[in-house]
Amino acid sequence: MLGVLLLRGAQTPGELKQRTERWHSFRSLDDVEEALARLAGVGFAQRLERRPGQKEARWMQLLAPVDGAAPAAVAELPPTVAEPAREPAPEPEPVAAEPHSLEIRDPATNRVVRSVAVTEVGEIEQKVARARAAQPAWAARTYEARAATLRAFRDLLEHEAEECAQLTTSEMGKPIRQARNEVRAVLERIDWNIEHAGAVVEARTVSDNERITYEPVGVVAHISAWNYPYFVGLNSIVPALLVGNAVCYKPSEHATLTGLRLVDLLHRAGVPVDVVHTIVGGGPTGAALVEADVDLVCFTGSYPTGRRVARAAAERLVRVQLELGGKDAAYVADDVDVEEAALAVAEGAFYNGGQSCSATERVYAHEAVWDPFVAALVDVVSAYRVGDPRDEGTDVGPLTRAEQLDVLDAQLADAVDRGGKVLCGGERIDRPGNWFAPTVVVDVPDDAALMRDESFGPVIGVARVSGDDEAVARMDDTEFGLGAAVFTSDQSRAERVLGRLDVGNAYWNTADRSCVRLPWAGRRHSGMGTSMSESGVRAFVREKAWHLFG
Ligand code: NDP
């Protein structure tokens, strides 16, 4: 429902609250537009910009500066359905353009797995308010008490690991072996956080009169991604809870069942229900959560959406942590074992179907090893078993998002137009679901979309270089700055090359790797802020400086 407030005798929007006299409800924006058209000339109408999560912005405002009776046109409006008090309190409504329920689809078949109710805007505000009210008591517990609860959660997750992995595979198509790996690896991350977060936020006395303490930020909004739902979700949720925050967590719409399961496990482990909430929905729901009364927004996703989130948060000076995309490059030097290098490069590029922010998406191979390296790479990629992600033997499953198929089609068409040669794959696989054949393209110029924009799929572009300097220049010629890999038998050569690159992750003879002991901090369009490591714990506290002169 949309509303029009009729205001009599007031000239400014500021007077609206005191002077509301008539109230009309409409089923759609079109009905409102029609009413406003009918009222043209009798006053002036103003449409308030809808800001998700803000009640007043849901309403159209009609300012009719007339004293006395309402104009005839007003009388023709649909019957008044509610006579609000001076301060109208609209019913909670679903976010604009968001359906009431999410259909969770299996990307391997396109069949609907389940339907889940979307969290409506009013409900988001209530959940955030409940989180705010519950947070001080959670923060007042000792670190050991909170850690014990998180340990119980970790044990439950371990106990139900197989079910969790299957659930994730069913909704985002990750090959089951890789889903199991993710669950197993996230247990280690939880262990590390439990062991180290307490020390990171321990009060420090720095002189006789000075001390530093660390306080939780309050309510953390975590807007998550689907590609690694356990890593991305728990990289924020676990340290945030350990140091005393409440969390409102919106899983990606493509990993909603996993998100609901994680929060269920947290509650069953003893985290109070109001200390951690799930918010279900797509992009508009995420936007509404950013607009709600939260203190920190942790977002993982694409650069364009990250920018929107940062802008919205900046309006209220709310802190943000952004983990965004990448276009990681690998350099294969002239001293490598080409077979080993090809295996590692392919793993970096095609694990999780290439749907990783730090997937290797560009390869620069030294001309001295070009032929054998490219041949070895094509051998590895052509041998990948593409198929049902539930099969133990599957290496590459479907793409999670159907929309990405169009992106890959367009990138490949452009690459071929510009002289690129497809050596394997190169097209969709014709079966129900989101299938794209693992693809290697060579001799793609650097200004082609395939070498410039995130592909986020099982596609890799390979180009030749004459040496380290050219490799550095071309690897660094990108808007992103997440990671880069160098394959060489000489560690000091690798470190020299990696030291010159403007990236947050430097990989020698490996790629697409993350580790809880190390900071994850993308540069340029790859993000801002740090997750994991001690810095990733510190992200969830505010410092207080004590000046103590008795
Ligand atoms: P988005 O960046 O669009 O979405 C990421 C998360 O933000 C999801 O939870 C999404 O909800 C939510 N969201 C979407 N719009 C808004 C908004 N305006 N305000 C707040 N939250 C919002 O990524 P997609 O999942 O749609 O994937 C698109 C591309 O993003 C990929 O192809 C890839 O290039 C990149 N990506 C990068 C990731 C990384 O690890 N860095 C992870 C995922 C994607 P919902 O999913 O429900 O739309």
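Owing to the predicted nature of the structure, the values given are computational and were not obtained by experimental measurement. (Residues numbered from 1 in each chain as written. Predicted model: local features only at pLDDT ≥ 70, side-chain atom pairs only at ≥ 80, totals over all residues. Heavy atoms only, no water.)

Trainee: Just to check I follow, could you spell out the sheet that holds strand E7 (residues 204-207) for this structure?
Mentor: To summarise the sheet geometry, strands pair through backbone hydrogen bonds and adopt either a parallel or an antiparallel arrangement. Judged by pairing direction, the sheet is antiparallel, and its three strands sit side by side in the order E7-E8-E24 without closing on themselves. The two strands at the open ends of the sheet, each matched to only one other strand, are E7 and strand E24 (541-547). Across this sheet, the average inter-strand angle for adjacent strands is 25°, counted without regard to direction. In terms of strand pairing, strand E8 (residues 210-216) meets E24 through seven bridges, oriented antiparallel. Each residue of the ladder has a partner; that of Thr213, found in E24, is Lys544. (Pairing = 2+ DSSP bridges. Helix = DSSP H or I, 4+ residues; strand = E, 2+ residues; numbered from the N terminus. Axes fitted to C-alpha atoms, helices over the stretch in contact; angles between N-to-C directions.)

Trainee: Help me understand the site of the ligand, please; the structure alone is not making it clear to me.
Mentor: If you check the shell around the ligand, you find 28 residues, and the closest are Ser224, Trp226, Ser302, Leu324 and Glu454. The contact in question runs from an oxygen atom of the ligand to an N or O atom on the side chain of Thr305, over 3.1 Å. Between a nitrogen atom of the ligand and a main-chain N or O atom of Leu324, the distance comes to 2.9 Å. Protein burial of the ligand: of its 840 Å² of free accessible surface, 89% is covered by the chains. Where the shell around the ligand is concerned, the elements lending two or more residues are helix H10 (283-291), strand E12 (296-300) and helix H11 (303-315). Counted by class, the shell around the ligand contains nine nonpolar, 13 polar and six charged residues. (Near = heavy atom within 4 Å. Polar contact = N/O pair within 3.5 Å; in protein donor to acceptor, adjacent residues only side chain to side chain. Areas by Shrake-Rupley, 256 points an atom, 1.4 Å probe, with all protein chains shown as cover. Nonpolar A, V, L, I, M, F, W, Y, C, P; charged D, E, K, R; others polar.)

Trainee: Honestly, the sheet that holds strand E20 (residues 483-487) in this entry has me stumped. Any pointers?
Mentor: In spatial order, the strands read E16-E17-E18-E15-E14-E20-E21; together these seven strands make up an open sheet with mixed pairing. Edge positions in the sheet fall to strand E16 (421-424) and strand E21 (505-508), since each of these pairs with one other strand and no more. Taken pair by pair, the neighbouring strands of this sheet meet at an average axis angle of 25°, ignoring direction. When E16 meets strand E17 (residues 439-442), the two strands line up antiparallel, connected through three bridges. Directly across from Cys424, in E17, lies its bridge partner Val440.

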